[in-house]
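Below, each chain spelled out in residue letters.
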Amino acid sequence: MSKGNQQFFWFNYAKILTIIIFIFSLGIIWVPVIWRDFFNLIIFGERIFPADFSDDAIQYIRLIFGITGAVMASWSFVLYILITGPLKEGQMWAWRAFAGSVILWFVLDTSYSLFTGFPENAVFNTLFLLAYTPAIIKTKPQI
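Residues numbered from 1 in each chain as written. Predicted model: local features only at pLDDT ≥ 70, side-chain atom pairs only at ≥ 80, totals over all residues. Heavy atoms only, no water.

Secondary structure assignment for the chain yields five helices and zero strands. Across the chain, helices and strands are ordered from the amino to the carboxyl terminus as α-α-α-α-α. The 143 residues of the chain split such that 36% are buried. Taking as baseline every contact in the chain between residues at least 6 positions apart, the subset at least 24 positions apart corresponds to 62%. Counting only carbon and sulfur atoms, one obtains 71% of the accessible surface of the chain, whose full area is about 8900 Å². One finds the centroid of the 9 positive side-chain charges in the chain at a distance of 22 Å from the centroid of its 8 negative side-chain charges. (Helix = DSSP H or I, 4+ residues; strand = E, 2+ residues; numbered from the N terminus. Buried < 20%, exposed > 50% of the residue type's maximum accessible area, 1.4 Å probe, protein only. Contact = heavy atoms within 4.5 Å. Areas by Shrake-Rupley, 256 points an atom, 1.4 Å probe, with all protein chains shown as cover. Lys, Arg positive; Asp, Glu negative; His and termini not counted. Charge placed at Lys NZ, Arg CZ, Asp CG, Glu CD.)

Moving on, we get to the pattern of salt bridges. A complete count under the given rule lists one salt bridge for this structure. A salt bridge links Arg47 to Asp37, with the shortest nitrogen-to-oxygen separation between them at 3.1 Å. One end of the pair, Arg47, is in the loop between helix H2 (32–44) and helix H3 (55–87); the other, Asp37, is in helix H2, and ten residues separate them in sequence. For Arg47, a relative accessible area of 54% puts it in the exposed group. The exposure class of Asp37 is buried, given its relative accessible area of 16%. (Salt bridge = Lys/Arg side-chain N within 4 Å of Asp/Glu carboxyl O.)

This part covers the confidence of the model for the chain. Per-residue confidence for the chain gives a mean pLDDT of 92, with 97% of residues at or over 70. Taking the mean pLDDT of every element in the chain, the minimum, 83, falls on H2 and the maximum, 97, on helix H4 (residues 92–115). (pLDDT = per-residue confidence, 0-100.)

Looking now at the packing of H4 against helix H5 (residues 119–138). The geometry of H4 relative to H5 is characterised by a closest axis approach of 9 Å and an angle of 165° between their N-to-C directions. If you check the angle between H4 and H5, you find them roughly antiparallel. Helix-helix and strand crossings are classified by hand; for H4 and H5 the assignment is left-handed. In contact with Trp95, Phe98, Ala99, Val102, Trp105, Phe106, Asp109, Thr110, Ser113 and Leu114 of H4, H5 contributes Pro119, Asn121, Ala122, Asn125, Thr126, Phe128, Leu129, Tyr132, Ala135 and Ile136. (Axes fitted to C-alpha atoms, helices over the stretch in contact; angles between N-to-C directions. Parallel < 35°, antiparallel > 145°, perpendicular 65-115°, else oblique. Left-handed = near helix turned anticlockwise from the far one by under 90°.)

With 31 residues, the main nonpolar core has Phe98, Val102 and Tyr132 as its most contacted residues. With nine residues, H3 is the single largest residue contributor to this core. What Tyr132 contacts, discounting residues up to four positions off in sequence, is Leu17, Thr18, Ile21, Leu79, Phe98 and Val102. (Core = buried A, V, L, I, M, F, W, Y, C linked by side-chain atoms within 4.5 Å.)

Our next topic: the environment of Ile21. Topologically, Ile21 is positioned in helix H1 (residues 3–30). By relative accessible area, Ile21 is classed as buried at 3%. Dropping the residues within four chain positions of it, Ile21 is found in contact with Met72, Ser76, Phe128 and Tyr132.

A separate point is the packing of aromatic side chains. Under the counting rule described, the total for this entry stands at 19 aromatic pairs. With centroids separated by 4.6 Å and ring planes inclined at 80°, the aromatic side chains of Phe24 and Trp35 adopt a geometry described as edge-to-face. In this pair, Phe24 sits in helix H1 while Trp35 sits in helix H2, placing the two residues eleven residues apart along the sequence. Taking the centre distance of 5.3 Å and the plane angle of 75° together, the rings of Phe124 and Phe128 count as edge-to-face. Placement of the pair is Phe124 and Phe128 together in helix H5, with a separation of four residues, close to one helical turn. Like Phe124, the residue Phe128 is buried in the burial classification. Among the aromatic side chains, those forming a connected cluster through ring pairs are Phe24, Trp35, Phe38, Phe39, Phe65, Trp75, Trp105, Phe106, Phe124 and Phe128. (Phe/Tyr/Trp six-rings, centres within 6.5 Å; stacked < 30°, edge-to-face > 60°.)

Structure follows, in structure tokens:
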């Protein structure tokens, strides 16, 4: 594969991955039962909330899911704009913003997940990082 075709592939890969994350984020907001069940299974070992959770606690968790989905959707929207505009044009600041935001998110979210005793979320985060790593490496502008 020629260098031009490789770059085309990796920019498209980054775009598609970012679109997937955007859709996933909207799903957390608009179809919360699917993702809530998924995360409950990962964290609590069951699809439902633990029986000893109060209604207020469950409502608060739902709020956090909505906020998380909104932040992720906004972040992935900005990543998409970076990838399809200035990063594709070879601007180093856009690559730094792209790579830096993914790495910073991973470090902060994963370290907090481990600190609070939720390694399951750290594993989930690692899958996202592994998915983005080739795109981060292959889209770096050559100066």
